[in-house]
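Analysis of the macromolecular model
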Amino acid sequence: MGSKNARHSKSSASSSSPLSSPAAKLGEPESSPKGGISLDEILEIDLDKVEKMTVQQLRVKLRSVGIPAKGSKNELVSAWKEFVKSKTDGTGYLELDDHESSRKKSNESNSQKAGSLPCREHVMTRSSGTKRTKRKVEESLIGHNKVEINRMGSSAQDEQSIEYPEPIAKRSITTKRKVSSEVINMSSEASNSVHSSGEPWTILTHKKPQKGWVAYNPKIMRPPPLAGDIKHVKLMSWNVNGLRALLKLESLSALQLARREDFDVLCLQETKLQEKDVEAIRHTLLEDYDHSFWTCSVSKLGYSGTAIISRMKPLSVRYGLGISDHDTEGRLVTAEFDNFYLLSGYVPNSGDGLKRLSYRITEWDPCLGNYLKELEKYKPVILTGDLNCAHQEIDIHDPAGNKRSAGFTVEERQSFETNFLNKGFVDTFRRQHPGVVGYTYWGYRHGGRKANKGWRLDYFLVSDCIADKVHDSYILPDVTGSDHCPIGLILKL
């Protein structure tokens, strides 16, 4: 296999499969504010006209109706839309922390050298400082791997279509359209929950939002659970950014997460474990998950590392790509189950100064893409993990400021398309949520998570032949403990 194996297992998975071969085998209107303009005047202002106003004009307009006029142009336009919606459908106002991120943005990305690193393996300079101020905002939620590696293994409906209500940005203000009382009630209830509990991921903070984009809110955007008689599997993936450090935290533990989410398989990335750490951790990490498979970096200790932890016993397991030049950093574990292959992967970061960009796009990505296609000859493939690429502008808070940042270069995004999407693998979250802004990574610097200045770097890519069997592809932004949050996939079998 081009590398030595160090395995510790209670019972070994079968090797009689393609994995064992040497081939390189994711209401009513309210009266106008005191001293302000009338409701009729408000409703006569066409949305397009509002969006064409200057920042100063918008501020004057907002102040005339008693709304604080602070923030970027996008924030001012959003505030106006939200105000008008409150007047046309009868919703009220709530206190909400407002982040003046755009108005007071940092120029770090532009001042660093091209190729500054925005990812976790090095110092991050993605996010700007934030200034928090209080303002009143109406309830506006829209309803409804080089020579050798150590590895340890232990064994002890058709896709549901989710229809969202028409985005606010697409509503014509002059129509004075009313929404149903059911949607109003759902919006109010969900919005109250969001604002009172502090859920920044439900606020659209993208610096270059397109019409129709909405922020991801798992509370209202996930489909109902499958009926008990529908056979399915629930997979979860999480870049933990150091498993030992995570286990020391008093926040949500892996066991609590397992009880809450009741997943069948958990894939981990960036465990940063050494071989000596694995034995003690895997026996105490999760109850009732008797099959775990770990791979650790041997070229750089305390770096990278991936794992698959499962209730179900896999038919076979393989570590790495089977290519010695790529298999010393513990970046890939593949488990074969009855209906699919599951891969937990941690794609190399292009690095500070983009020093590993060439390696990534000319070697790693093509080899991984070929490996996936080889596996697919036998059964469908699911690739999950931190793929270190924000594929489209919707997948990153500040696209303009990160064009030469690792994870969002044109080269990496093209490589992602060429080696994965164009080879027939489907981005399940984007397929289910085409206009939804949801992030899975927020830098620690400048309060990126609190301001929802993030990147979507974690994916479930699946073979096209099983894409229609995906019931739900989702993000759990409320789970802390890492600079990434977990993602999940529910697949009908």
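Residues numbered from 1 in each chain as written. Predicted model: local features only at pLDDT ≥ 70, side-chain atom pairs only at ≥ 80, totals over all residues. Heavy atoms only, no water.

1. So, the pairing of strand β19 (residues 487-492)
Burial of β19 is extensive: six of the six residues sit out of reach of the surface. Of the two faces of β19, the one holding I487, L489 and L491 and the one holding G488, I490 and K492 are both buried throughout. Summarising the sheet, strand β5 (residues 232-239) and β19 pair through six bridges and their orientation is antiparallel. Bridge pairing links L235 to L489 in β19. Relative to β19, strand β18 (residues 470-475) runs antiparallel, the two being bridged by five bridges. Across the sheet, residue I475 finds its bridge partner in β19, namely I487. (Buried < 20%, exposed > 50% of the residue type's maximum accessible area, 1.4 Å probe, protein only. Helix = DSSP H or I, 4+ residues; strand = E, 2+ residues; numbered from the N terminus. Pairing = 2+ DSSP bridges.)

2. Observations regarding the packing of helix α11 (residues 357-376) against helix α12 (residues 410-419)
Following both chains from N to C, one finds α11 and α12 inclined at 10°, their axes separated by 10 Å at the closest point. Between α11 and α12, the interaxial angle falls into the category roughly parallel. Considering only the axes of α11 and α12, their crossing is right-handed. Mapping the contact onto sequence places L357, R360, I361, D365, P366 and G369 in α11 and E411, E412, S415 and N419 in α12. Class assignment of the residues belonging to the contact of α11 with α12 gives a composition of three nonpolar, three polar and four charged. (Axes fitted to C-alpha atoms, helices over the stretch in contact; angles between N-to-C directions. Parallel < 35°, antiparallel > 145°, perpendicular 65-115°, else oblique. Left-handed = near helix turned anticlockwise from the far one by under 90°. Contact = heavy atoms within 4.5 Å. Nonpolar A, V, L, I, M, F, W, Y, C, P; charged D, E, K, R; others polar.)

3. Here's the deal with the sheet that holds strand β10 (residues 332-336)
With respect to topology, six strands assemble into an open sheet ordered β9-β10-β11-β12-β17-β13, the strand pairing being mixed. Across the chains shown, the open sheet's two edge strands, defined by having one partner strand only, are β9 (316-319) and β13 (425-427). Pairs of neighbouring strands in the sheet enclose a mean axial angle of 20°, with direction left out of account. For strand β12 (residues 381-386) and strand β17 (residues 458-463), the ladder comprises five bridges, and the chain directions are antiparallel. In the strand pairing of β17, I382 is matched with V462.

4. Regarding α12
Along α12, the residues that are buried comprise E412, R413, S415, F416 and N419. For α12, the buried positions fall inside an angular range of 160° around the axis, keeping them on one side. Packed against the buried residues of α12 are α11 and β17. (Arc of directions from axis to C-beta.)

5. Overview of the packing of aromatic side chains
Per the stated rule, a full pass over the model turns up five aromatic pairs. For the pair Y216 and F429, a centre-to-centre distance of 5.3 Å together with 75° between the ring planes defines the contact as edge-to-face. Of the two residues, Y216 sits in the loop between β4 (214-215) and α7 (218-221) while F429 sits in helix α13 (residues 428-432), which places them 213 residues apart along the sequence. Consider the rings of F337 and F340, whose centres lie 5.5 Å apart with planes at 45°: the pair is tilted. Under the relative-accessibility criterion, F337 is labelled buried at 4%. (Phe/Tyr/Trp six-rings, centres within 6.5 Å; stacked < 30°, edge-to-face > 60°.)

6. Topic: unusual backbone geometry
We note that E270 has phi near 55°; this positive angle belongs to a residue other than glycine. Within the element layout of this structure, E270 appears in the loop between β6 (265-269) and α10 (275-285). Its identity as a non-glycine residue notwithstanding, S304 has a phi of 55°, on the positive side. Within the secondary structure, S304 sits in the loop between β7 (291-296) and β8 (306-310). For S304, a relative accessible area of 1% gives the class buried.

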